[in-house]
Structures are given as C-alpha cells and as structure tokens.
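One letter stands for each residue in the lines below.
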Amino acid sequence: MKKITDKFNRPMRDLRISVTDRCNFRCTYCMPKEVYGKAYRFLPREELLSFDEIERITKLFANLGVSKLRITGGEPLVRKNIENLISKLSKINGITDIAMTTNGYLLKEKINILKSSGLNRLTVSLDAIDNATFQKMSDQKFDVNKVLDAIDYANKNGFKQIKINSVVKKETNEHAIIDLITYFKDTENIVRFIEYMDVGNINGWNKEEVLSMKDIINIIENKFELSKLEPNYIGEVANRYRFKNGKGEIGIISSVSKPFCHSCTRSRITMDGKFVTCLFANEGLDLRKPIRDDLTDAEISKIISDAWTIRDDRYSEIRNNLNNTSKKKKIEMFQLGG
Ligand code: SAM
Ligand code: SF4
Ligand code: SF4
C-alpha cells in the first residue's frame, strides 16, 4: 500500500460514497422542493456508478490509505439492493469500518440485512422529534415515529451508539435541541448538532440562519450542565460533551464557527463517479470515464493520487475572506453526501 498526503500533509483516510442523487425527503437546506420538484430530472441509471465500479474504485482508494467508508447520498436506502454493495466493500483489504448516513425513513426493514452484509455503524439524520418541525424541515408529510422506531429497532439489533445528526437552523428547529437531548439522553445514542452550512448554491444559505456552536451550547446549558470531552481520535469532527448529571454524550459539528480543515482526511465520490476533495469544491475529477475507457488500475490510481497530492482545500477556514462564495458554483450536498 502506498499512503499519500496532500499539500498540508493530510493523509487520505476516509472515503464518502454517494450512491444516488435521489431522496424521499426534500429537506429545505439540501434539496428544496422548488428546485427538486416533479419536473426535476435525476440521473438515469446508466450514469450512476454500478456496484462493481464502486468496488473497483474503493479498492484503489484502500491501496492509497483509505480505511473508513461512509455510504451516503441522496438517500442511500433508495438505491436498490444497497446491501449487495456493502457486502462487496466489506471484503476489501484494508477497509476496517463501513458506516451509513441515512434519514432513517426506510431503515427498519433493512436493519438485519445491512448488519449481516457488513455495515458497522449508522448515522441517522433527524432534525426534530415533533412531527410539525420534522415535516417542516424535511418538507414531506412523513411520520417522525417511523424514524424513531427504526432507531430503537437498530439499537436492539446490533447497532450500538447510533449518531443522530441534527442540522440546526435559527428560529426553525432551535426548540428541537432540548427535545432531542431529552429523548435520547438515557440511551446509548449520541446526538450531534450541526451548524447549518453553505454547501452548494441552491439552499440560499444565509449566515443569519446559522446557530453557532456557542449559541447551541448556551441553549443546552440553560437546562443541562455539560463538561467537555477529549476527541476520540485526531481529526474527529464533533466537539464532544458529556452531561455532568446522568449518562450520555452529545456532539457539536462547528464547520462554520470553528472549522477543522487542518485535520480533514476525507475524500468523496459522487454518484456519477466524480472524485471530490472538499465539501465546498466547485467541481470533481471524473473517474467514471477512465473506468469505462478501461484504463488500468495503476493509471486510475495515479489520477487519484496526483489529485490528492496537490490538494490544498481549506474552505471553511478561509470562508470569511472569500468574496461572493454564494455566487460561485459549488457541488450540491445531495451529490456529495455530507
Ligand atoms: N439522506 C441522508 C441523510 O440525510 O442522512 C444522507 C445524505 S445527507 C446530504 C448527509 C447529511 O448532510 C445529513 O445529515 C444532512 O442533515 C446534512 N446536510 C445537508 N445539507 C446540509 C447543510 N446545508 N448544512 C449542514 N448539513 C447539511
Ligand atoms: Fe435527502 Fe438527506 Fe438531503 Fe434531506 S439531507 S434532502 S434526507 S439527502
Ligand atoms: Fe475538509 Fe473542505 Fe470541510 Fe475543510 S471545508 S473540513 S477541507 S471538506
């Protein structure tokens, strides 16, 4: 294995694989209905990477140092037979951990097959536990209890310590912070609050709508006393806290107010095979064409390694010095998977 590092000496350790551009939700901060309505044309099947192509790419990434995978989307559970992909990926030499990020709506019926196929960990995105706010954030008339039930079932069937990710938008789901903590506090699961980010161009991001880590902590500390925990490993994105009284842990992902680019080891593949080195990138490097043109493993591996070696991304650290970031074309979150 040849481990590679970028211009700031950051190795490539993680690969996030977006397996589809489709989703059953229309979260206002990710796929607003006005844009992704009935008339929107999602990619035809032949433009998506096949499971064999994803497997081949992942082997090449594993040979360059990647050991952790995250399956995401769009909504990964709307990709048919996703468990077959997980099964293939779990057999790759060097891959030690496979996680999935899902909105949880289709999760319950897939739990057992995902587990037996080799999925190690789950992150469920959940912005509120009351139906009114949940439906407002996801812009669908779905019942939040279906997601809560799936989390409970997953806990009982092999998925311990599920991460519950909640994007916080000022004045939209602020009140959900305490509700989520209260609901999950005495479970093994870890609620993590995410600062609303300016990913992509379509969500019309506005700094005024961001609730910063400091604001979030203030809200929590009105009700619960917190103490800070050390990171589990170098490069962990969440700032960890535990409750002074009672068990449980929470996290805050402060990509806007306290960025963590210096330790960013994450690479990404879009559903149509673009290699992307930063969540805020303007474009990706096409790996699907070289694969379909029958380039050798060594040739494709060189394309990946050359791109990582010149990587100097640190968008979140320099966001405030950039002019007109909202106008510059960026890849959308549902294409990158978070
Ligand atoms: N559909 C799956 C889900 O929602 O878990 C996986 C893909 S989704 C794009 C991955 C994560 O990105 C979710 O946790 C979602 O909340 C988060 N996300 C999407 N847009 C965001 C934004 N503008 N700021 C912060 N997080 C965002
Ligand atoms: Fe779908 Fe996830 Fe985006 Fe929500 S955040 S629209 S669930 S891809
Ligand atoms: Fe990594 Fe880019 Fe996010 Fe910085 S802004 S942490 S480089 S993905």
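For the structure itself, consult the block above.
So, how was this worked out
- Residue numbers restart at each chain and count upward from 1, following the sequence in its written direction.
- To label them, take the chains in the order written and letter them from A, then take the ligands in the order written and number them from 1.
- The model is predicted, so local features are restricted to residues of pLDDT at least 70 and side-chain atom pairs to those at 80 or more, both for listing and for counting; the totals for chains, interfaces and linings are taken over all residues.
- Side-chain figures throughout are based on the complete set of non-hydrogen atoms in the structure, without hydrogens or water.
- We call a residue near a molecule or strand as soon as one heavy atom of that residue lies within 4 Å of the molecule or strand.
- Three classes are used, and their members are as follows: Ala, Val, Leu, Ile, Met, Phe, Trp, Tyr, Cys and Pro are nonpolar, Asp, Glu, Lys and Arg are charged, and the others, Gly among them, are polar.
- Axis lines are fitted through C-alpha atoms, for helices just across the contact stretch, and the angle between N-to-C directions can take any value from 0 to 180 degrees.
- Only DSSP runs of H or I reaching four residues or more are called helices, and only runs of E reaching two or more are called strands; each is numbered from the N terminus.
- When describing relative orientation, an angle under 35 degrees is termed roughly parallel and one over 145 degrees roughly antiparallel, while 65 to 115 degrees is termed roughly perpendicular and anything else oblique.
- By definition, turning the near helix anticlockwise from the far helix through less than a right angle yields a left-handed crossing, and turning it clockwise yields a right-handed one.
- Whether two residues are in contact is decided by their heavy atoms, any of which lying within 4.5 Å being enough.
- Note on aromatic contacts: the rings of Phe and Tyr and the six-membered ring of Trp form a pair at centre separations within 6.5 Å, being stacked when their planes are under 30 degrees apart, edge-to-face when over 60 apart, and tilted otherwise.
- Only protein chains enter the accessibility calculation, which uses a 1.4 Å probe. A residue is then buried if its area is under 20% of the maximum for its type, exposed if over 50%, and partly exposed in between.
- We call a charge positioned over a ring when the NZ of a Lys or the CZ of an Arg lies within 6 Å of the ring centre and within 35 degrees of the ring normal.
- Polar contact is the term for a pair of N or O atoms within 3.5 Å; when the atoms are in protein, one must be able to donate a hydrogen and the other to accept it, and sequence-neighboring residues count only if both atoms are side-chain atoms.
- Points on a 1 Å grid, built from protein atoms alone, make a cavity when a 1.4 Å probe fits but cannot get out and make a pocket when they are open with protein on both sides within 12 Å along at least 5 of 7 lines; residues with an atom within 4 Å of a point are the lining residues.
- Grid points are joined across faces, edges and corners, and a volume is the space filled by probe spheres set on the points.
- A helix is expected to span 1.5 Å multiplied by its residue count minus one.
- Directions are taken from the helix axis to each C-beta atom, and the arc is the one they span.
- Pairing between strands is defined by DSSP: at least two bridges between the two strands are required.

A.B. asks: It is not clear to me how the site of ligand 2 should be interpreted in this structure. Could you clarify?
C.D. replies: As a structural note, the neighbourhood of ligand 2 is formed by C23, F25, C27, C30, M31, G74 and N103. Considering only residue class, the shell around ligand 2 consists of five nonpolar, two polar and no charged.

A.B. asks: In this structure, what is going on with the packing of helix α1 (residues 51-63) against helix α2 (residues 82-89)? I would like to understand it.
C.D. replies: Axis angle and axis distance: for two packed helices, these are the angle between their axes and the distance between the axes, and together they describe the pair. Axis separation between α1 and α2 bottoms out at 10 Å; the angle between their running directions is 25°. With respect to their mutual orientation, α1 and α2 come out roughly parallel. Between α1 and α2 lies a crossing of right-handed hand. Counted together, F51, D52, I54, E55 and T58 of α1 and I82, N84, L85, K88 and L89 of α2 form the full contact between these two elements. Split into classes, the residues belonging to the contact of α1 with α2 amount to five nonpolar, two polar and three charged.

A.B. asks: Help me out: how do you make sense of the packing of aromatic side chains in this one?
C.D. replies: How two aromatic rings sit relative to each other is set out by the distance from centre to centre and by the angle between their planes. Inspection of every chain in the model, using the stated rule, returns 11 aromatic pairs. A centroid spacing of 4.3 Å and a plane angle of 15° characterise the contact between F280 and Y315, whose relative ring orientation is stacked. Of this pair, F280 sits in the loop between β11 (274-276) and β12 (285-286) while Y315 is found in helix α10 (residues 315-318), placing the two residues 35 residues apart along the sequence. We classify Y315 as buried; its relative accessible area is 11%. Of the aromatic side chains, those joined through ring pairs into one cluster are F25, Y105, F134 and F142. In this structure, K169 packs its charged tip against the face of Y196, placed 5.0 Å from the ring centre.

A.B. asks: How should I be thinking about the side chain of S267 in this particular structure?
C.D. replies: Structurally, S267 is set in strand β10 (residues 266-269). A polar contact of 2.7 Å, which involves the side chain of S267, links it to the backbone oxygen of D14. If we ignore the near neighbours within four places in the chain, the residues touching S267 are M12, D14, L15, R16, F61, V66, F275, V276 and W308.

A.B. asks: Looking at this model, I keep getting lost on the layout of surface pockets. Mind explaining?
C.D. replies: Empty pockets left among the atoms are what a rolling probe the size of a water molecule brings to light. The volume enclosed by the second largest pocket comes to roughly 520 Å³. As for the second largest pocket, its lining consists of 23 residues, of which T277, C278, A281, N282 and D313 are closest to the centre. Of all the elements in the fold, those that place two or more residues in the lining of the second largest pocket are β11 and α10. Residue composition of the lining of the second largest pocket, grouped by class: 11 nonpolar, five polar and seven charged.

A.B. asks: Can you walk me through the site of ligand 3 in this structure?
C.D. replies: In the vicinity of ligand 3, the contacting residues are F260, C261, C264, R266, R268, C278, L279, F280, R311, D313, Y315 and S316. For the shell around ligand 3, the secondary-structure elements that each account for two or more residues are β10 and α10. Here the residues of the shell around ligand 3 sort into seven nonpolar, one polar and four charged.

A.B. asks: Could you clarify how one ought to interpret the environment of R16 in this entry?
C.D. replies: Along the chain, R16 falls in strand β1 (residues 14-18). For R16, a relative accessible area of 18% puts it in the buried group. The spatial distance from the C-alpha of R16 to the C-alpha of T265 is 11 Å, given a sequence separation of 249 residues. Beyond its immediate sequence surroundings of up to four residues, R16 is in contact with R70, T72, R266, S267, R268, I269 and G338.

A.B. asks: Even after reading the chapter, I still don't get helix α9 (residues 297-309), so can you show me in this structure?
C.D. replies: For α9, which comprises 13 residues, the first-to-last C-alpha distance of 18 Å matches the rise-based estimate of 18 Å (1.5 Å per residue) to within 8%. When α9 is considered as a whole, its buried residues turn out to be I300, S301, I304, S305, A307 and W308. Buried residues in α9, looked at end-on, bunch into an arc of 160°, giving them a common side. Residues of α9 that are buried sit in contact with α1, β10, β11, β12 and α8 (288-292).

A.B. asks: How should unusual backbone geometry be read in this particular structure?
C.D. replies: Most peptide bonds take the trans configuration, and most residues that are not glycine carry a negative phi. The backbone of N81 sits at a positive phi, close to 55°, despite the residue not being glycine. Along the chain, N81 turns up in the loop between β2 (68-72) and α2. The backbone phi angle of E171 is positive, close to 65°, even though this residue is not glycine. Mapped onto the fold, E171 is located in the loop between β5 (163-168) and α6 (176-184). Using a relative accessible area of 72% as the deciding quantity, one classes E171 as exposed.

A.B. asks: It is not clear to me how the sheet that holds β2 should be interpreted in this structure. Could you clarify?
C.D. replies: Backbone hydrogen bonds are what pair the strands of a sheet, in a parallel or an antiparallel way. With respect to topology, 12 strands assemble into an open sheet ordered β7-β8-β9-β6-β5-β4-β3-β2-β1-β10-β11-β12, the strand pairing being mixed. Only two strands of the sheet have a single partner each, and these edge strands are β7 (226-228) and β12. Direction of pairing for β2 relative to strand β3 (residues 97-102): parallel, over a ladder of four bridges. Of the residues in β3, the one forming a bridge with K68 is D97. Running over the sheet, α1 touches β1, β2, β10 and β11 and is turned about 165° from β1.

Interpretation in functional terms is not warranted from these geometric data alone.
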